[in-house]
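Here's the letter readout for the chains.
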Amino acid sequence: KVKGAIKAGAVCVVGGKRLRSLGSHFYSPTVLTNVPIEDALWSTETFGPVASIRSFSTDEEALSIANDSPVGLAGYFCTRDLSRAFHFAKHL
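Bear in mind the structure is a predicted one, so any value in this text is a computation, not a measurement. (Residues numbered from 1 in each chain as written. Predicted model: local features only at pLDDT ≥ 70, side-chain atom pairs only at ≥ 80, totals over all residues. Heavy atoms only, no water.)

A.B. asks: Now, about the overall build of the protein chain: what can you tell me, with residues and values included?
C.D. replies: Looking only at helices and strands, one finds three helices and three strands in the protein chain. For the protein chain, the α and β elements follow one another from N to C terminus as α-β-β-β-α-α. Once the C-alpha set of the protein chain is aligned to its principal axes, its extents read approximately 45 × 25 × 25 Å. In the protein chain, once contacts between residues fewer than 6 apart in sequence are set aside, the share between residues at least 24 apart is 35%. Taken as a whole, the protein chain presents about 6,900 Å² of accessible surface, with 58% of it coming from carbon and sulfur. A distance of 14 Å separates the average location of the 10 positive side-chain charges in the protein chain from that of its 8 negative side-chain charges. (Helix = DSSP H or I, 4+ residues; strand = E, 2+ residues; numbered from the N terminus. Contact = heavy atoms within 4.5 Å. Areas by Shrake-Rupley, 256 points an atom, 1.4 Å probe, with all protein chains shown as cover. Lys, Arg positive; Asp, Glu negative; His and termini not counted. Charge placed at Lys NZ, Arg CZ, Asp CG, Glu CD.)

Okay, here's the thing in structure tokens:
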């Protein structure tokens, strides 16, 4: 999934490789930015240490992206504004 996201335009900031020295099922912690909304990383579980990060222009756009999935194991929103954090928590 990581290779597919990179081919679709995502940028790998760190990681993105298997840790073969640890065995065939180990993957380095990976951070991807600019992951396209259409990419599978947004709608399927990776079962690996992969964080997909995307910027947004408005709060409404961020909520639309976050809520555009039938499943959600976890979602994160970082802000210094506590009222904004409560607003997001209410609408996620």
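Here the narrative resumes, following the displayed structure.
A.B. asks: I'd like to hear about the state of the cysteines, residue by residue, with values.
C.D. replies: Using the criterion set out here, one finds zero disulfides in the structure. The thiol of cysteine 78 is not disulfide-bonded; the next cysteine sulfur, from cysteine 12, is found 19 Å away. Accessibility expressed as a relative area gives 76% for cysteine 78, which makes it exposed. (Disulfide = S-S within 2.5 Å. Buried < 20%, exposed > 50% of the residue type's maximum accessible area, 1.4 Å probe, protein only.)

A.B. asks: Please give an account of the pairing of strand β2 (residues 30-33) that cites residues and values.
C.D. replies: Here β2 shows a clear split, with Thr30 and Leu32 buried on one side and none of Val31 and Thr33 buried on the other. Sheet topology note: the strand β1 (residues 11-14)/β2 ladder contains three bridges and is antiparallel. Bridge pairing in β2 links cysteine 12 to leucine 32. Across four bridges, β2 lies against strand β3 (residues 50-53) in parallel orientation. Paired with threonine 33 across the bridge in β3 is isoleucine 53. (Pairing = 2+ DSSP bridges.)

A.B. asks: Can you explain a positive patch on the surface? Please cite residues and give values.
C.D. replies: Together, Lys3, Lys7, Arg18 and Arg20 give the surface a local cluster of positive charge. Within the secondary structure, arginine 20 is located in the loop between β1 and β2. Looking at arginine 20, the relative accessible area reads 66%, which means it is exposed. (Patch = residues over 30% accessible without salt bridge, like charges linked within 9 Å, V, L, I, M, F, W, Y side chains within 5 Å. Salt bridge = Lys/Arg side-chain N within 4 Å of Asp/Glu carboxyl O.)

A.B. asks: For the pattern of salt bridges, give the residues involved together with the corresponding values.
C.D. replies: Enumeration over the complete set of coordinates arrives at one salt bridge. Aspartate 59 is the partner of arginine 84 in a salt bridge, and the nearest nitrogen-oxygen pair spans 2.5 Å. Taken together, the residues span a long stretch of sequence, with arginine 84 in helix α3 (residues 82-91) and aspartate 59 in helix α2 (residues 59-67) at a distance of 25 residues. A relative accessible area of 21% places aspartate 59 in the partly exposed class.

A.B. asks: Requested: an account of the confidence of the model for the protein chain, with residues and values cited.
C.D. replies: On average, residues of the protein chain carry a pLDDT of 89, and 98% of them reach 70 or more. The element-level mean pLDDT for the protein chain is lowest in α2, coming to 89, with β1 highest at 97. (pLDDT = per-residue confidence, 0-100.)

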